[in-house]
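Next come the chains, spelled out residue by residue.
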Amino acid sequence: MLFSQLPEDVLYQILSYLDYRSLSRLSQVCKTIYHFVNRDAVWKKIAKDFLNTGITRNGTDIYHHIPLKERVKIAQNWCDGVCNRAVPLKWKTKLLPWVQLDRDMLFLSQAAVIGGYSLCQDSGRLHRNPFEIYSGHKGDVCRFVLTDAHLISGGSDGKILVHHRRRGVMLELSGHNQEVNCLDSKDGLIISGSRDRTARIWTLTSSCPRDTIAMQDRVWSVAISPTLSSFVTGTACCENFSPLSIWDVERSECVCILGSQFRRGAGVLDMVFESPFQLFTCGYDTFIRLWDLRLSPRKCAMEWEEPHDSALYCIQTDGNHMIASGSSYYGVVRLWDKRQTRCLQLIKISQPASSPVYCLRFSSSHLYAALATALHSLDFSQNPIYIR
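Keep in mind that what you see is a predicted model, and the values were worked out from it rather than measured.

Novice: Just give me the short version of the sheet that holds strand S25 (residues 343–348), but keep the residues and values in it.
Specialist: Strand order in the open sheet made by the 4 strands is S22-S23-S24-S25, with antiparallel pairing throughout. A strand with exactly one partner marks an edge of an open sheet, and here the two such strands are strand S22 (312–317) and S25. Strand after strand, the sheet turns through a mean of 20 degrees between neighbouring axes, direction not considered. Across 5 bridges, strand S24 (residues 332–337) lies against S25 in antiparallel orientation. Looking at the pairing, Arg334 lines up with Leu346 of S25.

Novice: Report on the packing of aromatic side chains, specifying residues and quantitative values.
Specialist: Counted under the stated rule, the structure contains 6 aromatic pairs. Considering the side-chain rings of Phe262 and Trp291, the 6.2 Å spacing of their centres and the 25 degrees angle between planes classify their relative orientation as stacked. A residue pair is termed long-range when its members are at least 10 positions apart, and Phe262 in the loop between strand S17 (254–258) and strand S18 (268–275) and Trp291 in strand S20 (residues 287–292) qualify at 29 residues. Since its relative accessible area comes to 18%, Phe262 is described here as buried.

Novice: Give a description of unusual backbone geometry that names residues and reports values.
Specialist: Phi angles above zero are rare outside glycine, and Asn52 is one such case at about 55 degrees. Mapped onto the secondary structure, Asn52 falls in the loop between helix H4 (40–48) and helix H5 (68–80). The class of Asn52 is buried, set by a relative accessible area of 2%. Unlike most non-glycine residues, Asp187 shows phi in positive territory, near 50 degrees. With respect to the helices and strands, Asp187 occurs in the loop between strand S10 (180–186) and strand S11 (189–194).

The rules we used
- Residues numbered from 1 in each chain as written.
- Predicted model: local features only at pLDDT ≥ 70, side-chain atom pairs only at ≥ 80, totals over all residues.
- Heavy atoms only, no water.
- Pairing = 2+ DSSP bridges.
- Helix = DSSP H or I, 4+ residues; strand = E, 2+ residues; numbered from the N terminus.
- Axes fitted to C-alpha atoms, helices over the stretch in contact; angles between N-to-C directions.
- Phe/Tyr/Trp six-rings, centres within 6.5 Å; stacked < 30°, edge-to-face > 60°.
- Buried < 20%, exposed > 50% of the residue type's maximum accessible area, 1.4 Å probe, protein only.

Written as structure tokens, this is what we have:
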């Protein structure tokens, strides 16, 4: 009996013992084997062990429309540092941006406005003129988040603006008296944090906060749990207590403090939930930390240290093995494999020494990370956004 004549379940079992190199060589034997080996079912186990393939830890496939074999090839290039760089957008305005990718659209804030740029399918570049402009702030946009229906922004004027992405309607939320440094939103729930030492809970049905939580320090970062039952705040850590607190959404009460050995000034600048019980944080003390909320809250489960002792401004994960972090050291983005303690790859996306990376976002439809440099008071025509 020929190899290709074996029952499919037997073939899947045999192929499960092969690595990606062996599978690639096997696919060159004949057309019949080629078509069988290229099936996603053959590559799913391998793809789960690679970085940024769209297969999460629980097996969910985020990029189901892209063949898994192609994703594994790209992921191998990530590990080896092999890539092509493209410049999809340039601008000359000397402003501090915040960016976010949503499918084939890039949203970019500049001063008090946010522009949405669509991708040209033929060239891979972004259209020069935005297809939509969101405005309304009297000061700079400090941060914004995207949901399926809304774009929600916080500004230095203390306002939060909720733009409906389809109907063009805007709702203004007033409450903070200083800049809104951070916010997060899920399923109609909005959490904001400000320099005015408060965190506020909002809903899309009212222009006034549902609850206001008085903090003892400036709030730099917030993240809502995927369960929507709690949220985490990260403060500047200028007082003698931990900067990380977990709050109950319904009661607006602190239910837990994370960590006990933070140095004074070790503020938490960014955080992201990877699951309801796994939280990643980073900040001024140069560490990326993984907190397992099922374990003791006094100590993190794992940590990774930035080699050049630089503050970490932003963090993002692929939901599986990969971490990307942006630091204040020469506009450096680092790629980490959670299974290793040392950095996997270093990417310099700007040359000037005063060019920290403030924002990292993964696209929901491509296997690329948008690496945006926030270059304050620099000529952006020489420092464009790069897509790796």
